[in-house]
Amino acid sequence: MEEKYNALEIEKNWQDRWSREELFTIKENSDLPKFYCLEMFPYPSGRIHMGHVRNYVIGDVITRYKRMQGFNVMHPMGWDAFGMPAENAAIKHGVHPSKWTFENISYMKEQLKRMGLSYDWNREVTTCTPEYYKWNQWFFLKMYERGLVYRKASSVNWCPSCETVLANEQVIDEGCWRCDNKVVQKELEQWFFKITEYAEELLKDADTLSGWPEKVVTMQRNWIGRSEGVEVDFKIIDSDKKLRIFTTRQDTLYGATFMSIAKGHPLVSELVKDEKTLKAINALSDDPEEKEGVNTGFYAENPLTGDQIPIYAANFVLMEYGTGAVMAVPAHDQRDFEFAKKYALPIKTVIMPAKSVGAPLAGALTTGALTADTLTTGAPAQEEGHPQGEPLQAFEDYGVLVDSSQFSNLSSEEARAKIAVHLENKGMGKKVVNYKLRDWGISRQRYWGTPIPMVYCPSCGIVPVPEDELPVVLPQDAVLTGTGTSPLAEMESFHKTRCPACGGDAKRETDTMDTFVDSSWYFLRYCSPRSDDTPLDTEAVDYWMPVDQYIGGIEHAVLHLLYSRFFTKVIRDIGLVKIDEPFVSLLTQGMVIKDGSKMSKSKGNVVDPDFLIKKYGTDTLRIFCMFAAPPERDLEWSDQGVEGAWRFLNRIWTFIHKNHAVLTKKSINELKGLTGLTTEAAKLLRKTHQTIEKVTNSIERDYHFNTAIAALMELINEILSFKSSGDDSAVLSFSIKHVVLLISPFAPHFAEELWKEMGEEKSILHKEWPAWDEETAKDEEIELVVQINGKLRAKVMVPAGLDDEAIKEKAFSDLKIKEQIEGKQLKKVIVVKSKLVNIVM
RNA sequence: GCCGGAGUGGCGGAAUUGGUAGACGCAAGGGACUUAAAAUCCCUCGGUCAUCUUGGCUGUGCCGGUUCGAGUCCGGCCUUCGGCACCA
């Protein structure tokens, strides 16, 4: 009864049956421990690509494995459905973003179903529906109440191509995260989320993310960018004003020889009245390579030395960080050094490398920074071509203070602490903590997003939309032309409204929210996706959260993952969840590569999953994706590799069909112990138990599915070469059934079909994950490696479990070893239990 | 520049705590079956030398070290991929 493996038919049948029997529908009321497995939800761009396939198959394998392990597993899917491409499609093809989006969703949903992914579709969430985005608006209002939302005019990142604002996190290499076009700065008034309020906690709790890749945690820490220092006030000569600066290197305060302030600093316009100077300051270039400055003509007084030092407007000082002004210490800061060289400003050394202190020549350097020689040796010396004391670059390391009054001879570390205290005591400064993290600008001048629930009233000012008037519905009758301002701004029917406070004529906010707001809490919504009087049913959220395993691309290392952490903490403070962090474990899967670069439409190297599913079935595709590389690494696409996965499944298929009679004869679920078996059968049974162990450990340890599948291949190879020598049908049956069981998370339809054909009635989904028997898995004999001086010299088969003396004896009695050690003096013999003997001579 | 990964056959990749380097798969070569092809099955497969079987040497980016023993640990480089980048 030769029967061909007809993947397409089998897969269709099982998908129908799973859906009919609602096998993936899950409830909170279970005695089983919960497991929440989540893959980053897709943007409905049109079709599923190979990157999606990889991401979702990883999640599905974990889900199916955990389910068999006895967990109540939540595995939901949804759509990150607001965003630019829908608007672009609307402009290009005249189709409404809504229509385009929902058509894509229904097509992609069918694709996902064809892949046999075990989602609970009852929990599907679509962010562009009022039932969802209503709660974006609700959270916005709650955050507004808590002072976590504010409006301000500032210089913002503007993508000229997308015609919208971008958050700092959305600017990659000075380009737009979506379209790659160069981002420009634009002065604009917009809404901000005060993520900086949570900077400290986001940083502190990063330490608890032990299930995340260290790389991602580091990226988040760096992005938050905490630094401790002091703010110091410098008196401005001939003025009642002060110049406040921020520094982390207060130990270099005695070496400050000038001041630098940002060209946009308010003091510039307050102090400088001279037209020519002002013009020159405004003309300073933005090129980060070339340091430029203009002398303002004003002087500041160093609070510790009393020195009067010039104030320069400089192009390298950022208005957005610290106070927008810095003290310049050219001897110990490379930028200041270059600036000082350019404008012939004094360079005063106040820090020496620790090891050179006390060296007789130290005094030679008091008027300059370090020479080439001191940088490497710590002590100055004369070298051809370099006059002594000519500084080449700033010495930026910590060291020991010189020429710093009572702080001289202190280490930089001590001086930082003492000078900070000294400044505070004298009322000249205070300790502060600064962050690189900026508040999250969420206004977008786009149509296809969540309307911001705010109203502008001529008499009351900015008024929030009352909660009971939510949602502010995005109108469906917008006209998208692709030119001018946001469509909502041009729709009077939308923005003309009454003031919720005074009832007078008022105007709605016409900007929409950044779509990253939508994805910052969707994982919480899955827990109670249909609740309509609250965003989150607390009981359900308490049961499911946190997400136990999150899987997605590394590109969200700071963006989405940081925002989600922030939202979780805010929602906790609102009182709806109890957890501090949303994702216990994070798996960042690698890219899918073909011909040396990432699979993408623009590269023209895409392989269509649909095509492969039609040709081989989804199980082959799933096996290939899991086998070709461990999940966190890039996956090199190989058409022949897919062919190999197909052959692997067919070998199992054919074997079971050829031996059908034997395999259905006995229903064996547990078989252990080797007594009474033929040598061949014992070997196969042992291998089977070893394979259960290996596959389980590969998954448990780090989701290295490639080695799990490799172990299954080894077992099937052994089964295929098995020579029966008696009635071995029980062992054979046990063995092949376990191949099917162990492969079921990877190739679920294939496993279901064979499971049924081997006489099992219940779905393999109900079968628990098999356990191995330690005793049976133990090798009877081991291959003892015999080394002489660490070099492999012989291999001897010996019974397992021998003691050191017996092992030594076996090693020494090998003929080849005897020959080589004859007449030589032994130094020592090292025995590694049940592995090797090393004879040292 | 700073921070963090990664370098293993022709290729994708294996190798729990230092203990047989190259599992498993792909490609390649040879053979069987076939009128032929596909499919399938069997054999070979890091390099090199040899008395081409059961052997010797060599080999995990490079140089050095620790150790009886290093892909794995330490020091110094090289290459490469990410992230941040005037952050004071």
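Model, not experiment: these values are computed from the prediction. (Residues numbered from 1 in each chain as written. Chains lettered and ligands numbered in written order. Predicted model: local features only at pLDDT ≥ 70, side-chain atom pairs only at ≥ 80, totals over all residues. Heavy atoms only, no water.)

### Some points on the overall build of chain A
Counting its secondary structure elements, chain A contains 27 helices and 34 strands. Overall, the C-alpha framework of chain A stretches about 105 × 90 × 50 Å when taken along its three principal axes. Of the accessible surface of chain A, which amounts to about 37500 Å², a share of 50% is contributed by carbon and sulfur atoms. In chain A, which carries 101 positive and 122 negative side-chain charges, the distance between the mean positions of the two groups comes to 2 Å. (Helix = DSSP H or I, 4+ residues; strand = E, 2+ residues; numbered from the N terminus. Areas by Shrake-Rupley, 256 points an atom, 1.4 Å probe, with all protein chains shown as cover. Lys, Arg positive; Asp, Glu negative; His and termini not counted. Charge placed at Lys NZ, Arg CZ, Asp CG, Glu CD.)

### Quick word on the pattern of salt bridges
Taken as a whole and assessed by the stated rule, the structure comprises 47 salt bridges. Salt-bridge contacts for Arg-244 lead to Glu-231; the nearest nitrogen and oxygen are separated by 3.7 Å. Taken together, the residues span a long stretch of sequence, with Arg-244 in strand E11 (residues 242-247) and Glu-231 in strand E10 (residues 226-236) at a distance of 13 residues. Members of the salt-bridge network, linked through shared partners, are Glu-201, Lys-204, Asp-205, Arg-565, Lys-569, Arg-572, Asp-573, Asp-580 and Glu-581. (Salt bridge = Lys/Arg side-chain N within 4 Å of Asp/Glu carboxyl O.)

### Some details on the environment of Asp-619
Mapped onto the elements of the fold, Asp-619 is located in helix H18 (residues 618-627). Take Asp-619: its relative accessible area is 0%, and that puts it in the buried class. Spatially, the C-alpha atoms of Asp-619 and Glu-761 are 21 Å apart, while their sequence positions differ by 142 residues. Excluding residues that lie within four positions of it along the chain, Asp-619 makes contacts with Tyr-5, Glu-11, Leu-649, Phe-746, Ala-747, Pro-748, His-749 and Phe-750. (Buried < 20%, exposed > 50% of the residue type's maximum accessible area, 1.4 Å probe, protein only. Contact = heavy atoms within 4.5 Å.)

### Concerning the sheet that holds strand E6 (residues 164-166)
Strand order in this open sheet of four strands is E6-E5-E9-E19, and the pairing throughout is antiparallel. Strands with a single pairing partner mark the edges of an open sheet, and in this sheet they are E6 and strand E19 (440-441). Most of the contacts of helix H5 (residues 130-145) go to strand E9 (residues 184-193), to which it runs at about 85°, and overall it touches strand E5 (149-159) and E9. (Pairing = 2+ DSSP bridges. Axes fitted to C-alpha atoms, helices over the stretch in contact; angles between N-to-C directions.)

### Observations concerning the sheet that holds strand E33 (residues 828-832)
Taken in spatial order, the four strands of this open sheet run E32-E31-E34-E33, and their pairing is mixed. In the strand order of this sheet, the two ends are held by strand E32 (791-799) and E33, each with one partner. The mean inter-strand angle of the sheet, taken between neighbouring strand axes irrespective of direction, is 20°. In this sheet, E32 lies alongside strand E31 (residues 781-788) in antiparallel orientation, the contact comprising eight bridges. Residue Val-786 lies in a different strand from E32, and its bridge partner there is Ala-794. Relative to E33, helix H26 (residues 804-812) is tilted by about 115°, and along the sheet it contacts E31, E32, E33 and strand E34 (836-840).

### Comments concerning unusual backbone geometry
Geometrically, the link from Leu-470 to Pro-471 is a cis peptide bond, its omega value of 0° lying close to zero. Topologically, Pro-471 is positioned in the loop between strand E22 (461-464) and helix H13 (492-495). In this chain, Met-545 is followed by Pro-546 through a cis amide linkage whose omega measures 0°. Summarising the element assignment, Pro-546 is placed in the loop between helix H15 (538-544) and strand E26 (547-553).

### Let's talk about the protein's contact with RNA strand B
Taken together, the neighbourhood of RNA strand B is formed by 50 residues, with Thr-248, Pro-288, Arg-335, Lys-436 and Asn-838 sitting nearest. Across the atoms of RNA strand B situated within 4 Å of the protein, the share located in sugar and phosphate is 61%. Residue Arg-335 places a side-chain N or O atom 2.3 Å away from a phosphate oxygen belonging to RNA strand B. Looking at the surface near RNA strand B, the elements with two or more residues in it are helix H7 (214-224), E11, helix H19 (639-658), helix H22 (705-720), E31, E32, E33 and E34. The leading source of residues in the surface near RNA strand B is H22, at six residues. Its residues assigned to classes, the surface near RNA strand B shows 19 nonpolar, 11 polar and 20 charged. (Near = heavy atom within 4 Å. Polar contact = N/O pair within 3.5 Å; in protein donor to acceptor, adjacent residues only side chain to side chain. Nonpolar A, V, L, I, M, F, W, Y, C, P; charged D, E, K, R; others polar.)

### Structural notes on the nonpolar core
The biggest cluster of nonpolar side chains holds 181 residues, and the ones touching the most others in it are Trp-440 and Trp-637. With sequence-adjacent residues up to four places away left out, Trp-440 is seen in contact with Ala-167, Trp-191, Phe-192, Phe-193, Ile-195, Asp-514, Phe-516, Val-517, Ser-520, Tyr-563, Phe-566 and Phe-567. Core analysis: the second largest hydrophobic core is formed by 37 residues, Val-272, Leu-304, Val-329 and Leu-401 among them. (Core = buried A, V, L, I, M, F, W, Y, C linked by side-chain atoms within 4.5 Å.)

### A closer look at a negative patch on the surface
Together, Asp-532, Asp-533, Asp-537 and Glu-539 make up a region of like negative charge exposed at the surface. Within the secondary structure, Asp-532 is located in the loop between helix H14 (522-525) and H15. For Asp-532, a relative accessible area of 60% translates into the label exposed. (Patch = residues over 30% accessible without salt bridge, like charges linked within 9 Å, V, L, I, M, F, W, Y side chains within 5 Å.)

### What to know about the pairing of strand E13 (residues 293-301)
Bridge analysis of E10 against E13 gives two bridges, and the strand direction is antiparallel. Within E13, the position partnered with Ile-236 by the bridge is Ala-300. With six bridges connecting them, E13 and strand E14 (residues 308-314) associate as antiparallel partners. If you follow Asn-295 over to E14, its bridge partner there is Tyr-312. The hairpin formed by E13 and E14 contains six residues between the paired strands, and Gly-306 there has a positive phi angle of roughly 80°.

### Regarding the packing of aromatic side chains
Applying the stated criterion to the full structure yields 47 aromatic pairs. Taking the centre distance of 4.5 Å and the plane angle of 15° together, the rings of Tyr-132 and Trp-521 count as stacked. Of this pair, Tyr-132 sits in helix H5 while Trp-521 sits in the loop between strand E25 (512-513) and H14, placing them 389 residues apart in sequence. With respect to class, Tyr-132 is no different from Trp-521; both count as buried. Against the face of Phe-192 rests Lys-152, its NZ or CZ located 5.0 Å from the ring centre. When the ring centre of Phe-494 is taken as reference, the NZ or CZ atom of Arg-508 above it lies at 6.0 Å. (Phe/Tyr/Trp six-rings, centres within 6.5 Å; stacked < 30°, edge-to-face > 60°. Lys NZ or Arg CZ within 6 Å of the ring centre and 35° of its normal.)

### Regarding the packing of H19 against H22
In a pair of packed helices, the angle between the axes and the distance between the axes together describe the arrangement. Taken N-terminus to C-terminus, the directions of H19 and H22 make an angle of 40°; their axes are 11 Å apart at the nearest point. In terms of their interaxial angle, H19 and H22 are classed as oblique. Crossing hand, H19 versus H22: left-handed. The residues of H22 that touch H19, namely those facing Phe-648, Arg-651, Ile-652 and Phe-655, are Ile-709, Leu-712, Met-713, Ile-716, Asn-717, Ile-719 and Leu-720. Residues of the contact of H19 with H22, tallied by class, amount to nine nonpolar, one polar and one charged. (Parallel < 35°, antiparallel > 145°, perpendicular 65-115°, else oblique. Left-handed = near helix turned anticlockwise from the far one by under 90°.)

### Points about the packing of helix H1 (residues 7-20) against helix H24 (residues 748-757)
Put simply, H1 and H24 touch, their axes get as near as 9 Å, and they point 90° apart. By the angle between their axes, H1 is roughly perpendicular relative to H24. Judged by residue contacts, Ile-10, Glu-11, Trp-14, Gln-15 and Trp-18 of H1 engage Pro-748, His-749, Glu-752, Glu-753 and Lys-756 from H24.

### Topic: the state of the cysteines
In this structure the tally under the stated criterion is zero disulfides. This cysteine, Cys-128, is not joined by any disulfide, and Cys-162 carries the nearest cysteine sulfur, 19 Å off. Take Cys-128: its relative accessible area is 6%, and that puts it in the buried class. Free cysteine Cys-502: the closest other cysteine sulfur is in Cys-457, separated by 3.6 Å. For Cys-502, a relative accessible area of 42% gives the class partly exposed. (Disulfide = S-S within 2.5 Å.)

### Thoughts on the confidence of the model for chain A
Overall, the predicted model of chain A reaches an average pLDDT of 89, with 94% of residues at or above 70. Counting interchain partners and residues more than four positions distant, the pLDDT-below-50 stretch residues 358-388 has 49 contacts. Of the two predicted TM-score estimates for the complex, the pTM is 0.92 and the ipTM is 0.94. (pLDDT = per-residue confidence, 0-100.)

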